[in-house]
Amino acid sequence: MSLVGSGSAIPAQIVTNDQLSLLVDTNDEWVRTRTGIRERRIIGPDESLADLCSDASKSALEMANWDASNVDMILIATSTPDDLFGLAPKVQAKLGAANAVAFDLTAACSGFLFAFITAAQFLQNGSFKRVLIIGADQLSGWMDWSDRRSCVLFGDGAGAIALEAIDQTEDALIGFKMKSDGSRGDCLNLPQTRNFVPLVGSHLNQKGGFSNIQMNGQEVYKFAVREVPALLEKVLNNCEISPESLDWLLLHQANQRILNAVADRFAIPQQKVLTNLANYGNTSAATIPLMLDEAVRDGRVEKGNLIASSGFGAGLSWGVALFRWHGPS
Ligand code: COA
């Protein structure tokens, strides 16, 4: 299995920290120093998450030099689909990828990493030849814009990676681990509202709907800086790879302080830590492919580079993948 193309798409609307200070009691200095975020993108009325997915996918298809009709599977990691029955089929139609099975996978901010590892299984076992994986979220729609502890953190975006089955001896996915702990899920969630309305006779019916994102920031922070390094260490040990031999650390872009803490733990220098938090904030399932695409296109990530990636977040869920970027052949 090889990574042969990348693409990303972001909404046009930019919301700066200064603009958020008009909504809640915050300021640019606080947000920058506590999180590393300067601004984020928010989907506006002329855009949709399906549009972003489709644009990101088209760029990835172009880089991979694939025709949409040759894609076997489209897997979208998202917690905020345009349609609860599935975002991926809409994107399949927009792309004209008529031969691809298309479905969504939900694992919050770990979603892209889980989708990558899931897709790799189909490619490695010979079921599929070409798979498009997409990470996309529109958390702006589920934010409590009066809660300064959470609304400054998130933004919208999408990223896509084209994965191809190969016969080479070294598979691009060198090692991985995935973890879940639902017993700690309460510190970050986006629950259904329990609004029961009369149906017929004495029967009640739960009206569909969701509340806003609820987060205990400090608990999530502690979880990330404890669990991500522990899992990364296990994967590195299993693969007999030393932290020094990594070309890049590509973590879910949640908070610059979390990125720094993980890098410090392995003595990975800042120049090897990929970060674009300042421009986009936390785009949930989109952060990893958005960052990878940016670094591939500006030439930082080169063919053969070894990348350690970790997604972590609600669930709670977290995962690590060690992989190489091969790029288009
Ligand atoms: N602007 C100004 N002040 C703010 C603020 C904001 N946006 N948000 C919180 N504060 C205040 C708090 O009210 C608190 O004030 P108090 O001491 O008077 O009560 C003070 O700043 C410190 O709050 P605290 O929660 O201790 O800050 P922190 O250093 O832990 O940073 C987060 C808060 C949310 C940035 C940090 O905990 C974090 O990033 N957690 C992880 C969240 C995350 O990544 N979630 C997604 C995971 S996928």
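Right, let's walk through the structure included here. Predicted model only: the values in this text are computed from it and were never measured. (Residues numbered from 1 in each chain as written. Predicted model: local features only at pLDDT ≥ 70, side-chain atom pairs only at ≥ 80, totals over all residues. Heavy atoms only, no water.)

## Notes on empty space enclosed by the protein
A water-sized probe, rolled over the atoms, reveals where empty space remains.
And step 1. Taken as a whole and assessed by the stated rule, the structure comprises one cavity of 30 Å³ or more.
And step 2. Reported here for the largest cavity is a volume of approximately 50 Å³.
And step 3. Forming the walls of the largest cavity are Leu3, Phe112, Leu113, Phe116, Ile133, Ile161, Ile288, Leu292, Ser309 and Phe323.
And step 4. Counting only elements with at least two residues in the lining of the largest cavity, the list comes to helix H5 (111–124) and helix H10 (287–297).
And step 5. Ranked by residue count, the leading element in the lining of the largest cavity is H5, at three residues.
And step 6. In the lining of the largest cavity, the residues fall into nine nonpolar, one polar and no charged.
And step 7. When residues of the lining of the largest cavity are sorted by domain, at least three fall in each of domain 1 (2–164) and domain 2 (173–187 + 211–324). (1 Å grid on protein atoms, 1.4 Å probe; cavity = no way out; pocket = protein on both sides within 12 Å on 5 of 7 lines; lining within 4 Å. Points joined across faces, edges and corners; volume = space filled by probe spheres on them. Helix = DSSP H or I, 4+ residues; strand = E, 2+ residues; numbered from the N terminus. Nonpolar A, V, L, I, M, F, W, Y, C, P; charged D, E, K, R; others polar. Domains from an automatic or database assignment.)

## Describing the site of the ligand
And step 1. Looking at the ligand, there are 24 residues lining it, with Thr26, Arg34, Arg148, Gln218 and Asn255 nearest.
And step 2. Separating an oxygen atom of the ligand from a side-chain N or O atom of Arg257 is a distance of 3.4 Å.
And step 3. When the free accessible area of the ligand is taken as 960 Å², the share hidden by the protein chains comes to 75%.
And step 4. Applying the majority rule of atoms within 2 Å of the grid points places the ligand in the largest pocket.
And step 5. Contributions of two or more residues to the shell around the ligand are made by helix H2 (28–35), helix H6 (148–151), helix H7 (217–239) and strand E14 (306–313).
And step 6. Considering every element that reaches the shell around the ligand, the biggest residue donor is H7, with four residues.
And step 7. Class assignment for the residues of the shell around the ligand results in 11 nonpolar, eight polar and five charged.
And step 8. When residues are assigned to domains, the shell around the ligand turns out to be shared by domain 1 (2–164) and domain 2 (173–187 + 211–324), each giving three or more. (Near = heavy atom within 4 Å. Polar contact = N/O pair within 3.5 Å; in protein donor to acceptor, adjacent residues only side chain to side chain. Areas by Shrake-Rupley, 256 points an atom, 1.4 Å probe, with all protein chains shown as cover. Sits in = over half its atoms within 2 Å of the grid points.)

## Observations regarding the packing of aromatic side chains
And step 1. What the rule picks out here adds up to four aromatic pairs.
And step 2. Pairing Phe122 with Phe128 gives two aromatic rings, centres 5.2 Å apart and planes at 35°, and the pair type is tilted.
And step 3. Exposure remark for Phe122: the relative accessible area of 27% places this residue in the partly exposed category.
And step 4. Aromatic pair Phe223 and Trp318: ring centres 5.3 Å apart, planes at 80°, arrangement edge-to-face. A residue pair is termed long-range when its members are at least 10 positions apart, and Phe223 in helix H7 and Trp318 in strand E15 (residues 317–324) qualify at 95 residues.
And step 5. Of the residues examined, Phe223 reaches a relative accessible area of 2% and is grouped as buried.
And step 6. Residue Trp318 is classed as buried on the basis of its relative accessible area, which comes to 4%.
And step 7. A cation over a ring is seen here: Arg265 above Phe266, with NZ or CZ 5.7 Å from the ring centre. (Phe/Tyr/Trp six-rings, centres within 6.5 Å; stacked < 30°, edge-to-face > 60°. Buried < 20%, exposed > 50% of the residue type's maximum accessible area, 1.4 Å probe, protein only. Lys NZ or Arg CZ within 6 Å of the ring centre and 35° of its normal.)

## Concerning the sheet that holds strand E1 (residues 2–9)
And step 1. With mixed pairing, the five strands of this open sheet are ordered in space as E1-E7-E6-E4-E5. Each end of this open sheet is capped by a strand with a single partner; those strands are E1 and strand E5 (101–105). Neighbour to neighbour, the strand axes of the sheet diverge by 15° on average, direction disregarded.
And step 2. When strand E4 (residues 73–77) meets strand E6 (residues 130–138), the two strands line up parallel, connected through five bridges. Within E6, the residue paired with Ile74 across the bridge is Leu132.
And step 3. Seen against the sheet, H10 touches E1, E6 and strand E7 (156–164) and runs at an angle of roughly 105° to E1. (Pairing = 2+ DSSP bridges. Axes fitted to C-alpha atoms, helices over the stretch in contact; angles between N-to-C directions. Contact = heavy atoms within 4.5 Å.)

## Concerning the pattern of salt bridges
And step 1. Going through the model one piece at a time under the given rule, you end up with 14 salt bridges.
And step 2. Ionic pairing is found between Asp25 and Arg148, a salt bridge with its closest N-O pair at 3.6 Å. Of the two residues, Asp25 is situated in the loop between helix H1 (17–20) and H2 and Arg148 in helix H6; the sequence distance between them amounts to 123 residues.
And step 3. A relative accessible area of 45% means that Arg148 is categorised as partly exposed.
And step 4. The closest approach of N and O atoms between Glu233 and Arg265, which form a salt bridge, is 3.0 Å. Here Glu233, found in helix H7, pairs with Arg265, found in helix H8 (residues 256–265); they are 32 residues apart in sequence, far enough to count as distant.
And step 5. Each of the salt bridges in this network shares a partner with another, and the network as a whole consists of Asp181, Arg184 and Glu227. (Salt bridge = Lys/Arg side-chain N within 4 Å of Asp/Glu carboxyl O.)

## Quick notes on the layout of surface pockets
And step 1. Of the voids in this model, the largest pocket is the one considered here, and its volume is about 670 Å³.
And step 2. Around the largest pocket, the lining comprises 27 residues; the ones closest to its centre are Arg149, Leu153, Met215, Gly217 and Gln218.
And step 3. Elements supplying a minimum of two residues to the lining of the largest pocket: H2, H6, H7, H8 and E14.
And step 4. With four residues, the single largest contributor to the lining of the largest pocket is H7.
And step 5. By residue class, the composition of the lining of the largest pocket is 12 nonpolar, 10 polar and five charged.
And step 6. Residue contributions to the lining of the largest pocket reach at least three from each of two domains, namely domain 1 (2–164) and domain 2 (173–187 + 211–324).
And step 7. Residue lining of the second largest pocket: 24 residues in total, with Ser79, Thr80, Thr106, Leu139 and Leu190 positioned closest to the centre.
And step 8. Class assignment for the residues of the lining of the second largest pocket results in 13 nonpolar, eight polar and three charged.
And step 9. Three or more residues apiece are contributed to the lining of the second largest pocket by two domains, here domain 1 (2–164) and domain 2 (173–187 + 211–324).

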